[in-house]
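Each chain is listed here by its residues.
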Amino acid sequence: MNDPFATRPATPTPAGPALPCSCSANAAAGVQPTAGAGRFGPTHALILLLCILALGSGLFLAGNPLDTVFTLLGGLGAIGAATLAAAGGGRRLVAILAEAAVRGAGK
């Protein structure tokens, strides 16, 4: 059985300059970062939807009037849309709004 508190031998340092972070090691090895890392995806949208539904339900069950709950949730949605528009240069938001308008006109 291994003793987790046992002293370990010192590891030799690699020859050459020390790399400051793992991203430099990846760049030196030619490894490209994942293109979709950190982007807003369907999983994030589902989590946000569930959080908004839980927040609205909790506020209603706590005794807040329904119009106040809708106003608050609408304000949160507007803040989220403004954040996405500012971060993405507005292109993604315009594309989503155009798609929603086209789908709504087809009904």
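None of these values were measured; they are calculated from a predicted model.

Help me out: how do you make sense of the overall build of the protein chain in this one?
Helices and strands together make up the secondary structure of the protein chain, namely four helices and zero strands. The order of helices and strands in the protein chain, counted from the N terminus, is α-α-α-α. Within the protein chain, buried positions represent 6% of all 107 residues. Counting only carbon and sulfur atoms, one obtains 69% of the accessible surface of the protein chain, whose full area is about 9100 Å².

So what exactly am I meant to see when it comes to the pattern of salt bridges here?
Pairing between side chains of opposite charge can happen when the charged atoms of each approach one another. Across all of its chains, the model carries one salt bridge by this definition. Note that Arg103 is salt-bridged to Glu99, the shortest N-O span being 2.8 Å. One end of the pair, Arg103, and the other, Glu99, are both in helix α4 (residues 91-105), four residues apart, so they sit about a helical turn from each other. Under the relative-accessibility criterion, Arg103 is labelled exposed at 59%.

Would you explain the packing of helix α2 (residues 42-61) against helix α3 (residues 66-87) in this entry?
Interaxial distance between α2 and α3 falls to 9 Å at its minimum, and their mutual angle equals 155°. Viewed along their axes, α2 and α3 adopt a mutual orientation that is roughly antiparallel. As for how α2 packs across α3, the hand of that crossing is right-handed. Residue-level inspection shows Ile52, Leu55, Gly56, Leu59 and Phe60 of α2 in contact with α3, the latter providing Leu66, Val69, Leu72, Leu73 and Leu76.

Sorry, what's going on with the layout of surface pockets here?
Gaps left between atoms are located by rolling a probe of water-molecule size over the structure's atoms. Quantified by volume, the largest pocket comes out at close to 400 Å³. Every residue lining the largest pocket is counted, 14 residues in all, and those nearest its centre are Phe40, Leu48, Gly80, Ala81 and Leu84. No other element matches the six residues that α3 contributes to the lining of the largest pocket. By volume, the second largest pocket amounts to about 150 Å³. Along its surface, the second largest pocket is lined by Arg39, Phe40, Leu84, Ala87, Gly88 and Arg92. Here the residues of the lining of the second largest pocket sort into three nonpolar, one polar and two charged.

Explain the environment of Phe60 to me, please; I cannot follow it from the model alone.
Note on placement: Phe60 falls in helix α2. Apart from residues no more than four positions distant in its own chain, Phe60 is found in contact with Leu66 and Val69.

Cut-offs and rules
- Residues numbered from 1 in each chain as written.
- Predicted model: local features only at pLDDT ≥ 70, side-chain atom pairs only at ≥ 80, totals over all residues.
- Heavy atoms only, no water.
- Helix = DSSP H or I, 4+ residues; strand = E, 2+ residues; numbered from the N terminus.
- Buried < 20%, exposed > 50% of the residue type's maximum accessible area, 1.4 Å probe, protein only.
- Areas by Shrake-Rupley, 256 points an atom, 1.4 Å probe, with all protein chains shown as cover.
- Salt bridge = Lys/Arg side-chain N within 4 Å of Asp/Glu carboxyl O.
- Axes fitted to C-alpha atoms, helices over the stretch in contact; angles between N-to-C directions.
- Parallel < 35°, antiparallel > 145°, perpendicular 65-115°, else oblique.
- Left-handed = near helix turned anticlockwise from the far one by under 90°.
- Contact = heavy atoms within 4.5 Å.
- 1 Å grid on protein atoms, 1.4 Å probe; cavity = no way out; pocket = protein on both sides within 12 Å on 5 of 7 lines; lining within 4 Å.
- Points joined across faces, edges and corners; volume = space filled by probe spheres on them.
- Nonpolar A, V, L, I, M, F, W, Y, C, P; charged D, E, K, R; others polar.

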